[in-house]
Amino acid sequence: MGGRRVTAAPAARPNAPDRFDTMATDTAAAEPAATEPDVDQPDADATGAPDLTVDVPTLSAILDGPYADIRRTVREQLPAYASVLVDAETMTRDDFRERVLAVVLEMAATGSTAMGFPAEYGGGGDIGASIAAFETLAFGDLSVLVKVGVQFGLFGGAILQLGTQRHHDAYLADVVSGRLLGCFAMTETGHGSNVQALGTVATYDPATSEFVITTPDERSGKDYIGNAARHGRAAVVFAQLEVAGERHGVHALVVPLRDEDGNPLPGVRIEDDGPKMGLNGVDNGRIWFDPDGTVRVPRENLLNRFADVTEDGVYTSDIESAGRRFFTMLGTLVQGRVSVGAAGVSAAKVALTIAIRHGLRRRQFETGTDDGQEQLLLDYGLHQRRLFPRLARTYALHCAQEVLTGQLHDVFSGIATDEESRRLLESRAAGTKALATWLATDVIQECREACGGAGYLSENRFAALKADTDVFATFEGDNHVLLQLVGKGLLTDYASEFSDLDQLGTVRFVAELAVETVLERTKVHKLFEQIRDALPGGSDEWHTDSGLRDPDYHLAMFRFREEHQIGSVARRLKRGVDSGMDAGEVFSRVQDHVISAARAHMERLVLEAFVDKVRGLGEDVDEDTRLALNLLCDLHALSAIEADAAWFMEHGRLTAQRSKAITREIGDLCRRVRPLAADLVAAFGVPEAMLRAEALIGEDA
Ligand SMILES: Cc1cc2nc3c(=O)[nH]c(=O)nc-3n(C[C@H](O)[C@H](O)[C@H](O)COP(=O)(O)OP(=O)(O)OC[C@H]3O[C@@H](n4cnc5c(N)ncnc54)[C@H](O)[C@@H]3O)c2cc1C
């Protein structure tokens, strides 16, 4: 089936009877712990191992999962727009913005940008497919991607999720077709992460049944808003709703910005944000609404799914708490975060494809082999060490994104209707976005360096990848702020009654509970209890002979870390409050522990997603392809443990000997991945035309 025969030893998987192959031998246990050398030893079983054949189409199908069709459609569309990658470097900023708009509109005409909208408005009616389409589009120019995200995901998504039938009927068909271009105007110069403190006001005027939109001061101007500087004719504006002198918190309204000729409407002032570090095909800008009250919109423009104002000026909402109402509204916009995380993983795939293929062509230094040839970069252990754990992590994040997309689809398609599913989705989306976008930043940088000076040339894509993905860590929620959200969810166990607790409320809440209560409420505690007994040798003997390549060992390590860190946060919060310290000060001091716990939680979810994916492979998947995925899964888990070895050692879960054994094992796994590397990146299915990089990977490289 198109696979290539290559030589790679299968993963040895000691003490893992439920693992997928039966060729395991316990290399770790066989080593005398006390006399282990500090350096890598040659791989004892690297020679004479059975060949592995990775079947690329099979692996691609595994990765593409349930949305293979839409992914194929977008992959087929992308090469027609490959020239945009060049235009980004050669056109003026103004021209490039127009070019990007033209591509977005062409794509809209094919329907592939509207998969998430109901069919009656020209959409595909499948939210999971819309994420898969976006993820695949991220193989191409990222200004195009972000413009698509702004128009259909943010602007259209806000109307769809926060609006009701009247808004859907009035706008969605035009949004889907691209006839009505719009903005998602939430952030202000003064406030980005703290959206509840926005300054823009929407005041209801019962005399005219209109809302008056005002920007009270300069710093309350909307800022960084995509589509604002040039193309947007309307915006979903987030503003403090004021009715009869009373504030009801942040709500969203549709506000026209420009006339048919593209001129700002009376009372609307717009300014270009100017050149950016990347994404210069997107026209980000600032918007102010005349403080004297020139900008008025009909009452019906309030997106009223969660709250409304009657004609005579009475505010109504089924959700009593203003905080909960606000978080419920934001929760419906979670798709944006899921999309950005997915795009981060795709950008990492592009970088890895280029760097690994380059490493298979580029030779440097003779190493005394008979043929007198210089050695391929990818045959250097260091090169493997730099690229393969990142390749493995990219596979892991891919699996985590797939789980997240599935959950998003279930919640938004009415398949999962319970409140807990929604809260878990929101937390998972926040955390996965953070990890996936940081993955992109890390992978792209390492791959750029792995391509040497050539990696620095714009034609080899890294310049744009770096510049365009950098902001993924910030928009759709700053990553650190998002991890704090994850931390809050962990500490309150996602209970709806605590959903509107702010940071200080969370501190006080946790401080009132016994630490054991906090832990017992968490899911990880139950998981840890389950797996403790499944550990080979029992949990107290982890440092001796349990299998290094046993996924249950990996999971137990990840779960132990998570549980311990949540407990540590709870303990610190409690101690701080009990000592009489102000709750704000306590939170500030414990914040880094909250982030660590949230990260540990997310790392556990990512690993579980990868392990589950491999364990769940269908019987039709050949053994070699399974083994290849096993290798990557082990490599990902062990690399993550190695990266945090100091913590595990500090907490008695890793001896020095075992830590060294893990490091050796990673080297061994890298050597085993080496012959498969070309196929493992081929399975990502990045269209050749989107790689560019002729000089690095082309025929004459
Ligand atoms: C290119 C681009 C496009 C964008 N597009 C849009 C758009 O179309 N629509 C829109 O509404 N917005 C958009 N944004 C805005 C974006 O969502 C915000 O920039 C983002 O939410 C961060 O807000 P901020 O810039 O105010 O940063 P801040 O909130 O000021 O954060 C700055 C730093 O402080 C840290 N920090 C903040 N709060 C805390 C805390 N409580 N504890 C510890 N640390 C903290 C953060 O981690 C961060 O490192 C865009 C931004 C950019 C750059």
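Residues numbered from 1 in each chain as written. Predicted model: local features only at pLDDT ≥ 70, side-chain atom pairs only at ≥ 80, totals over all residues. Heavy atoms only, no water.

Student: If you had to explain the nonpolar core to someone new, which residues and values would you point to?
Tutor: Counting residues in each nonpolar core, the largest one holds 172 residues, and the members touching the most others are Phe238, Phe388, Leu391 and Tyr395. If one sorts the elements of this core by residue count, helix H19 (residues 583-615) sits on top with 16 residues. (Core = buried A, V, L, I, M, F, W, Y, C linked by side-chain atoms within 4.5 Å. Buried < 20%, exposed > 50% of the residue type's maximum accessible area, 1.4 Å probe, protein only. Helix = DSSP H or I, 4+ residues; strand = E, 2+ residues; numbered from the N terminus.)

Student: Could you give me a rundown of the environment of Val338, with the residues and numbers involved?
Tutor: Tracing the chain through its elements places Val338 in helix H10 (residues 335-359). When the C-alpha atoms of Val338 and Gly431 are compared, they prove to be 9.8 Å apart, with 93 residues separating the residues in sequence.

Student: Before we move on, could you go through the state of the cysteines and cite the residues and values that matter?
Tutor: The full count for this structure, using the stated rule, is zero disulfides. In this structure Cys399 is a free cysteine whose sulfur lies 7.7 Å from that of Cys633, the closest cysteine sulfur available. (Disulfide = S-S within 2.5 Å.)

Student: Help me get a handle on the layout of surface pockets, residues and values and all.
Tutor: Empty pockets left among the atoms are what a rolling probe the size of a water molecule brings to light. Computed from the structure, the second largest pocket encloses a volume of approximately 580 Å³. Arg393, Glu603, Ser639, Ala640 and Ala643 are, among the 22 residues lining the second largest pocket, the residues nearest its centre. Classifying every residue of the lining of the second largest pocket gives nine nonpolar, four polar and nine charged. (1 Å grid on protein atoms, 1.4 Å probe; cavity = no way out; pocket = protein on both sides within 12 Å on 5 of 7 lines; lining within 4 Å. Points joined across faces, edges and corners; volume = space filled by probe spheres on them. Nonpolar A, V, L, I, M, F, W, Y, C, P; charged D, E, K, R; others polar.)

Student: Account for the pairing of strand S10 (residues 285-289), with residues named and values stated.
Tutor: With respect to burial, S10 is a largely interior element, four of its five residues being buried. Both strand S6 (residues 222-225) and S10 contribute to a ladder of two bridges, which runs antiparallel. Bridged to Lys222 within S10 is Ile287. Pairing of strand S9 (residues 268-272) with S10 involves five bridges; the strand directions are antiparallel. Across the sheet, residue Val268 finds its bridge partner in S10, namely Phe289. (Pairing = 2+ DSSP bridges.)

Student: Which residues make up the sheet that holds S6, and what values go with them?
Tutor: As summarised here, the arrangement of the three strands in space is S6-S10-S9, forming an open sheet in which the pairing is antiparallel. Looking at which strands have only one partner, the edges of the open sheet turn out to be S6 and S9. Along the sheet, successive strands turn relative to each other by an average axial angle of 20°, direction set aside. (Axes fitted to C-alpha atoms, helices over the stretch in contact; angles between N-to-C directions.)

Student: How would you explain the packing of helix H18 (residues 551-578) against helix H20 (residues 623-643) if you had to name every residue and give the values?
Tutor: Running from N to C, H18 and H20 cross one another at 35°; their axes reach a closest spacing of 10 Å. Between H18 and H20 the crossing geometry is left-handed. The segment H18 lies against H20, with Tyr553, His554, Met557, Phe558 and Arg561 engaging Asp634, Ala637, Leu638, Ala640 and Ile641. Here the contact of H18 with H20 is composed, by residue class, of seven nonpolar, one polar and two charged. (Left-handed = near helix turned anticlockwise from the far one by under 90°. Contact = heavy atoms within 4.5 Å.)

Student: Pulling in residues and values, what's your account of the packing of aromatic side chains?
Tutor: Any aromatic ring pair is given by two values, namely how distant the centres are and how the planes are angled relative to each other. In total, this model carries seven aromatic pairs according to the counting rule given. Relative to Trp647, the ring of Phe560 lies with its centre 6.0 Å away and its plane at 55°, an arrangement referred to as tilted. One end of the pair, Phe560, is in helix H18; the other, Trp647, is in helix H21 (residues 645-650), with 87 residues separating them in the sequence. For the residue pair Phe560 and Trp647, the accessibility class agrees, reading buried in each case. For the pair Trp647 and Phe648, a centre-to-centre distance of 5.3 Å together with 90° between the ring planes defines the contact as edge-to-face. Across the pair, Phe648 and Trp647 agree in class, each one buried. A connected cluster of aromatic rings, assembled from ring pairs, spans Phe560, Trp647 and Phe648. Positioned over the ring face of Trp288 is Arg269, at 4.0 Å from the centre of the ring. (Phe/Tyr/Trp six-rings, centres within 6.5 Å; stacked < 30°, edge-to-face > 60°. Lys NZ or Arg CZ within 6 Å of the ring centre and 35° of its normal.)

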